[in-house]
Amino acid sequence: MSKPSWVRGGPRIVKPIPGPRAKKLLERDERVMSPSYTRAEPIVADEGQGCYVKDVDGNVLLDLSSGMFVLNYGYSHPRLVRAVERQVAKLTHFAGTDFYYEVQVELAERLVKITPGKSSKHVYFGNSGAEAVEAAFKCVRWHTRRPRMIAFTGGFHGRTFGALSLTSNLKYTKFFAPLVPGVSFMPFPDPYRPPLGGDPSECAHKCIEYIRDSLGTSIPPKEVAAIITEPIQGTAGYIIPPPEFYPMLKELCEEHDWIFIADEIQTGLGRTGKMFAMEHWGVVPDIVCVAKALAGGMAPIGAMIGNAEVMDWEPGAHASTFGGNLTACAAALEGLKILEEQKLVKRAAKLGDLALKRLQELKEESKLVGDVRGKGLLLAVEMVKDKNTKEPAVKERNMVVQEALNRGLIVFRGGKSVIRIAPPLIIRQREFELGLDIFEEALREVERKC
Ligand SMILES: Cc1ncc(COP(=O)(O)O)c(C=O)c1O
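Starting from 1, residues in each chain are numbered consecutively following that chain's sequence as written. In keeping with the predicted nature of the model, local features appear solely for residues at pLDDT of at least 70, side-chain atom pairs appear and are counted solely at 80 or more, and the whole-chain, interface and lining totals rest on all residues.

Peer 1: So what's going on with the site of the ligand? Residues and values would help.
Peer 2: In this entry, near means the residue's backbone-placed C-beta atom lies within 6 Å of the molecule or strand. Residues in close proximity to the ligand total 14 residues, the closest being Ser128, Gly129, Ala130, Gly158 and Ile265. Amino acid classes used here: Ala, Val, Leu, Ile, Met, Phe, Trp, Tyr, Cys and Pro are nonpolar; Asp, Glu, Lys and Arg are charged; the rest, including Gly, are polar. Taken together, the residues of the shell around the ligand break down into five nonpolar, seven polar and two charged.

Here it is, written out as structure tokens:
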């Protein structure tokens, strides 16, 4: 499959976004689509290739958001396309909940091998991130017969009722109560904005102390089935906890026989420069949830990989007709081969280090950048009105995203005033540097205006 000619020549805007064709589609969309989606940018895609997407008006955009952290192998990777074509030509559907097929078992074997920990494990396949979390939630209830969960403030785990009940953000939970009861939210150690005040170096200890203090007052420890955490909080704006936090949390879990669930839906599969983000802290979770990048955007899939001892539920307890469907499994297997053969995890770490260094320099020079942070190709720029008060610069953040888009670059919002940068793992260094040049230009333009 040869590269389409529009990819050559880099990002370019031929019609201000949204252009005339995009506008027409936005009008049709508004008439028939659910208003509940959170479309922040009016981009109407037509074609994609590598790290680029072309919109319906011919604008070519460099996507440093990987289509919402899904396209680790870029748009329409020829090997994934071929893997899907081969699978579809051979067999498209055969309910994996009721029958068997090899590609599903092969993917499960692969996932068991690459997830942290040497214990024997099982895999449950669903169709999305929320379904992977939903499965983990149900599974820990089944296994422990305990009714409570611990989750973290700022955490996002999906929008189905179970996953939503573990999510702590009114933007998503408002008006949906009553949610699944028994979930307690604990403060998440954000070193830039310590949730319990005080020195950032103490924030991990303070958060663990807070959980310990809650035991016996508001949370009976023997009623808790599990804790769930995003290793790095994604939707909240890539909050990276201090190094000592997860080892202490794991210790707490072991003390009370709580299951440790890592929601690696945004952070997993190489994104952070390790296969799974939890490896940065040397902590082995009992359950890992993945989705997003697993099939590289070729088909919906989510998976929960759990310790075999924990996954002791019986037939019928949980399943889904399309979970782990053939197309998604074939794409995921090919994607994991690419990840390994092209050493993309190592590359993510290397490119991420270079980018972080550059963003740190940018922070020193910029009056609007309060913090930059990242691991691998998961990077965040937090914008503030004043570096001392750290008041979130929401309007200015939105302006930077817009200015970037005006120059043909997609970056993504997060938290209150964060910009998330998470390019496909296959991005070439030169392409990434070009993207960062454009980002810098957009930031400087906003600084000039403010
Ligand atoms: C950490 C995390 N968990 C769960 C989800 C939900 O995934 P999905 O949208 O596929 O249901 C997301 C989606 O953004 C996520 O980032």
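Peer 1: How would you explain the packing of helix H4 (residues 102–114) against helix H10 (residues 326–341) if you had to name every residue and give the values?
Peer 2: Only the stretch in contact is used when a helix axis is fitted, and all axes are lines through C-alpha atoms; the angle between N-to-C directions ranges over 0 to 180 degrees. Runs of E in the DSSP output that reach at least two residues are strands. Runs of H or I that reach at least four are helices, and both are numbered from the N terminus. Interhelical geometry of H4 versus H10 gives an angle of 40° and a closest axis separation of 9 Å. Between H4 and H10, the angle falls in the class oblique. For the pair H4 and H10, the crossing hand works out as left-handed. Here Val103, Gln104, Glu106, Leu107 and Arg110 of H4 come into contact with H10, specifically with Leu326, Cys329, Ala330, Ala332, Leu333 and Leu336. Considered class by class, the residues forming the contact of H4 with H10 number eight nonpolar, one polar and two charged. Should an angle fall under 35 degrees it is taken as roughly parallel, and over 145 as roughly antiparallel, whereas 65 to 115 is taken as roughly perpendicular and any remaining angle as oblique. Each crossing is labelled by how the near helix is turned from the far one, with a counterclockwise turn of less than a right angle marking it left-handed and a clockwise turn marking it right-handed. With C-beta atoms placed from the backbone, a contact is any residue pair whose C-beta atoms sit within 7 Å.

Peer 1: Run through the environment of Asp57, naming residues and quoting values.
Peer 2: With respect to the element layout, Asp57 can be found in the loop between strand E2 (52–55) and strand E3 (60–63). Working definition of burial: number of other C-beta atoms within 10 Å of the residue's own, with buried at 20 or more, exposed at 12 or fewer, and partly exposed in between, all C-beta atoms being placed from the backbone. Among the residues examined, Asp57 registers 18 C-beta atoms within 10 Å and is labelled partly exposed. Once residues within four sequence positions are removed from consideration, Asp57 is found in contact with Val14, Lys15, Gly19, Pro20, Arg21 and Ala22.

Peer 1: Residue-level account of the sheet that holds strand E12 (residues 378–383), with values.
Peer 2: A pair of strands is considered paired only if DSSP assigns at least 2 bridges between the two. Within the open sheet, the four strands sit side by side as E11-E12-E15-E14. Their pairing is antiparallel. At either margin of the open sheet sits one strand with a lone partner, and together these are strand E11 (369–375) and strand E14 (412–414). Sheet twist, expressed as the average angle between the axes of neighbouring strands with direction ignored, equals 25°. As defined by bridge partners, E14 adjoins strand E15 (residues 418–421) across three bridges and the pair is classed as antiparallel. Its bridge partner lying in E15, Phe412 is registered against Arg420. Packing of helix H11 (residues 344–365) onto the sheet brings it into contact with E11 and E12, and relative to E11 it is tilted by some 170°.

Peer 1: Lay out the sheet that holds strand E6 (residues 183–186) with the relevant residues and their values.
Peer 2: Taken together, the seven strands give an open sheet; going across it, the order is E4-E10-E9-E8-E7-E5-E6, and neighbouring strands pair in mixed fashion. For this open sheet the edge positions go to strand E4 (121–126) and E6, each flanked by a neighbour on one side alone. Each strand axis lies, on average, 20° off the axis of its neighbour in the sheet, ignoring direction. Taken strand by strand, H4 contacts E4 and strand E10 (302–307), and its axis lies near 125° from that of E4. Packing against the sheet, helix H5 (residues 129–144) makes contact with E4, strand E7 (224–229), strand E8 (259–263), strand E9 (287–290) and E10, and its axis sits at approximately 30° to E10.

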